[in-house]
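Here's the letter readout for the chains.
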Amino acid sequence: MNAVKPKRKLFELSHFNILLSMIVIFIHCSSIIMSGTQIGDRAFDATFIPWRLSLFAVPGFIFLSGVKLFYNRSGKFDYIRFYRGRLTRVIIPYAVWVAIYYVYLTYTGEAIFSWSAFGHSLLYGDLTAHFYFVVIIAQFYILMPVWRFIFRRVTPSVAILFSALVGIIFGYEIMEVWLYFFPNTMFNFSAVIFTKYLLYWTCGCYVGMNYTRFKEAVLKRKTAITVLFILCAALNLYLSYKTYNVGVNWMEYVQVTYCLSAILFVFTLYCKLCERSERITKITDMVDSQCYNIFLSHCLVIMIAQDYLASLGISDPVRVFWIVTFVTYSIPLLFWSGWYWIKTGIVYLERLILARLKGESLESKPPINKPEIERSARKKAPPVKNAPTKTRNGEIMANKAR
């Protein structure tokens, strides 16, 4: 019988996830300067470079989602558990935060409450600058049976090429295609159509399916990957600055090329940095677990901070940027860190009480990377002469691990 092997904590992906979350905060904070100054201004030009280089964050999140969902997956897939988990951990928190934002915008007079408008915000993710990502990733989740059927039967090269073509025709050029078949009508879902990001998702899924081999391959080619990233970044910066505020369709494809090179470079970088690590710090594990909450809540902090500064008469974009950036990096991280430790403490206290009631001792928390540590321990253990290659106890432990 095929079974799913126990997953090992992928430290490089945890660090990658945290980096992308921090980059998203910067993107939204830097919009204060990008919208409040003009090209050629010192503040604009200084912000433009890190802002433009940061725009691989959403493609990076989608890539990581594909890697995590397809990493070490074999045998029967529990769709009920999968969709229940996505509903409770992704969709419901999203809906709650859309409601919170909508209440705040209604309170400030920037929105007029109506159930239809609220439903529109949920469906399109257009209430604030970051919610569209959840709408996009939800489409990939809904189509999970399709991805599992295709990716297990189609070679990576064919699927990646097909994804690129679908992204061009039914993603970036979707409006032209739509108008060709349905003249005088508008396709209002073009901003959040998943096909624009299909290439990143496909690459991530295949990386997850072949994670060890892919990791070894990129580490062997880290110098070439670094050079490729530098060239793509330089080209993207130059062309995007020259065409800023000018409608140039081919810049979309330059951006896609840069995003792929950036994802590959950062992934390789963290694989190298975490190459010899067998543990992850509690702080890193905590921040990684709270990245989605930080992502959902940070724009509300930006809005509240901007409104408060405006009430004080502070309107200089550079000054507002630095204050808002400091507040937005500090408050969500501190708040969700406190929430994490409170929740962890409650769970521990509950386990302790139940153990005491049963007259049992509460075991200490196992290492985060338990499977890897166990393998290392077995390698160091002295061999037992005439030991059987497979014992009944070993089978029982393996079944428990599964």
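Here is what the cut-offs are and how they apply
- Residues numbered from 1 in each chain as written.
- Predicted model: local features only at pLDDT ≥ 70, side-chain atom pairs only at ≥ 80, totals over all residues.
- Heavy atoms only, no water.
- Helix = DSSP H or I, 4+ residues; strand = E, 2+ residues; numbered from the N terminus.
- Buried < 20%, exposed > 50% of the residue type's maximum accessible area, 1.4 Å probe, protein only.
- Contact = heavy atoms within 4.5 Å.
- Areas by Shrake-Rupley, 256 points an atom, 1.4 Å probe, with all protein chains shown as cover.
- Salt bridge = Lys/Arg side-chain N within 4 Å of Asp/Glu carboxyl O.
- Phe/Tyr/Trp six-rings, centres within 6.5 Å; stacked < 30°, edge-to-face > 60°.
- Lys NZ or Arg CZ within 6 Å of the ring centre and 35° of its normal.
- pLDDT = per-residue confidence, 0-100.
- Disulfide = S-S within 2.5 Å.
- Expected span 1.5 Å × (residues − 1).
- Axes fitted to C-alpha atoms, helices over the stretch in contact; angles between N-to-C directions.
- Parallel < 35°, antiparallel > 145°, perpendicular 65-115°, else oblique.
- Left-handed = near helix turned anticlockwise from the far one by under 90°.
- Core = buried A, V, L, I, M, F, W, Y, C linked by side-chain atoms within 4.5 Å.
- Polar contact = N/O pair within 3.5 Å; in protein donor to acceptor, adjacent residues only side chain to side chain.
- Patch = residues over 30% accessible without salt bridge, like charges linked within 9 Å, V, L, I, M, F, W, Y side chains within 5 Å.
- Nonpolar A, V, L, I, M, F, W, Y, C, P; charged D, E, K, R; others polar.

Once that is clear, we can look at the overall build of the protein chain. What the protein chain contains, in helices and strands, is 18 helices and 0 strands. In the protein chain, which comprises 402 residues, the share counted as buried stands at 42%. Of all intrachain contacts in the protein chain linking residues separated by at least 6 positions in sequence, the fraction that spans at least 24 positions is 82%. Entry remark: accessible area of the protein chain is about 23,700 Å², with carbon and sulfur atoms responsible for 65%.

With that settled, the discussion passes to the pattern of salt bridges. Two side chains bearing opposite charge may form a pair once their charged atoms approach each other closely. Throughout the structure, instances matching the rule amount to 2 salt bridges. A salt bridge links glutamate 12 to lysine 215, with the shortest nitrogen-to-oxygen separation between them at 3.3 Å. Linking glutamate 12 in helix H1 (residues 11-36) with lysine 215 in helix H11 (residues 211-220), this pair joins segments that are 203 residues apart in sequence. A single burial state applies to glutamate 12 and to lysine 215, both of which are buried. Here glutamate 275 makes a salt bridge to lysine 272, at a shortest N to O gap of 3.2 Å. Taking the relative accessible area as the measure of exposure, lysine 272 reaches 41% and is therefore partly exposed.

Turning our eyes to something else, we now look at the packing of aromatic side chains. In total, this model carries 48 aromatic pairs according to the counting rule given. Pairing tyrosine 197 with tyrosine 200 gives two aromatic rings, centres 6.4 Å apart and planes at 45°, and the pair type is tilted. With a relative accessible area of 3%, tyrosine 200 lands in the buried category. Among the aromatic residues, those joined into a cluster by ring pairs are Phe70, Phe140, Trp147, Phe151, Phe194, Trp201 and Tyr206. Above the face of the tyrosine 141 ring, arginine 86 is positioned so that its terminal group lies 5.2 Å from the ring centre.

Counting through the fold element by element, threonine 47 comes out in helix H2 (residues 42-53). Threonine 47 sits in the buried class, given a relative accessible area of 7%. Residue contacts for threonine 47: discarding those within four places in its chain leaves Ser30, Ile33 and Met34.

Taken over all residues, the pLDDT of the protein chain has a mean of 86, while the share at 70 or more is 86%. Of all helices and strands in the protein chain, the one with the weakest mean pLDDT is helix H18 (residues 392-401) (38), whereas helix H15 (residues 291-311) scores best (97). For residues 364-402, every residue scores under 50 in pLDDT, and the model assigns this stretch 18 contacts once sequence neighbours within four places are set aside.

Another point: the state of the cysteines. The final tally for this structure, using the stated rule, is 0 disulfides. Lacking any disulfide linkage, cysteine 203 is separated from the closest cysteine sulfur, that of cysteine 205, by 9.3 Å.

Moving on, we get to H15. A rise of 1.5 Å per residue sets the reference length of H15, with its 21 residues, at 30 Å; its end C-alpha atoms lie 30 Å apart and thus fit the reference within 8%. Among the residues trailing H15, glycine 313 stands out with phi positive, at a value near 85°.

This paragraph deals with the packing of H1 against helix H13 (residues 251-273). In contact at an axis separation of 9 Å, H1 and H13 are set at 130° when each is read in the N-to-C sense. As summarised for this structure, H1 and H13 are arranged oblique, according to the angle between their axes. The chirality of how H1 crosses H13 is right-handed. Of the residues in H13, those touching H1 at Glu12, Leu13, His15, Phe16 and Leu19 are Ile263, Val266, Phe267, Tyr270 and Cys271.

This part covers the nonpolar core. Here is a general trend for soluble globular proteins: nonpolar side chains tend to be buried in one another's company. Among the nonpolar cores identified, the biggest contains 99 residues, and Phe16, Phe56, Ile62, Phe140, Trp147 and Trp201 are the most heavily contacted of them. Core analysis: the second largest hydrophobic core is formed by 5 residues, Ile18, Met286, Val287 and Tyr340 among them.

Moving on, we get to the side chain of asparagine 236. Along the chain, the position of asparagine 236 falls in helix H12 (residues 222-242). Here arginine 52 takes part through its side chain, which lies 3.5 Å from a polar atom of the side chain of asparagine 236. For asparagine 236, the contacting residues outside a window of four places in its chain are Arg52, Met251, Val254, Gln255 and Tyr258.

The grouping of Leu161, Leu165, Ile168, Ile169 and Phe170 at the surface amounts to a nonpolar patch, some 440 Å² of accessible area in total. Here leucine 165 is to be found in helix H8 (residues 156-172). Residue leucine 165 is classed as partly exposed on the basis of its relative accessible area of 44%.

A few words now on the packing of helix H3 (residues 57-70) against helix H6 (residues 132-142). Contact geometry for H3 and H6: axes closest at 11 Å, N-to-C directions at 30°. The angle between the axes of H3 and H6 places the two elements in the roughly parallel class. The chirality of how H3 crosses H6 is right-handed. In this structure, H3 contributes Val58, Phe61, Ile62, Ser65 and Leu69 to the contact, and H6 contributes Tyr132, Phe133, Ile136, Ile137, Phe140 and Tyr141. Class assignment for the residues of the contact of H3 with H6 results in 10 nonpolar, 1 polar and no charged.

Here H1 spans 39 Å end to end across 26 residues, near enough to the 38 Å set by a 1.5 Å rise per residue. Of all 26 residues in H1, 20 are buried, a share of seventy percent or more.

Turning our attention to the environment of leucine 20. By the element assignment, leucine 20 lies in helix H1. The spacing of leucine 20 and glycine 60 is 40 residues in sequence and 7.2 Å in space, taken between C-alpha atoms. Sequence-distant contacts of leucine 20, defined by excluding residues within four places in its chain, comprise Phe56, Ala57, Gly60, Phe61 and Leu64.

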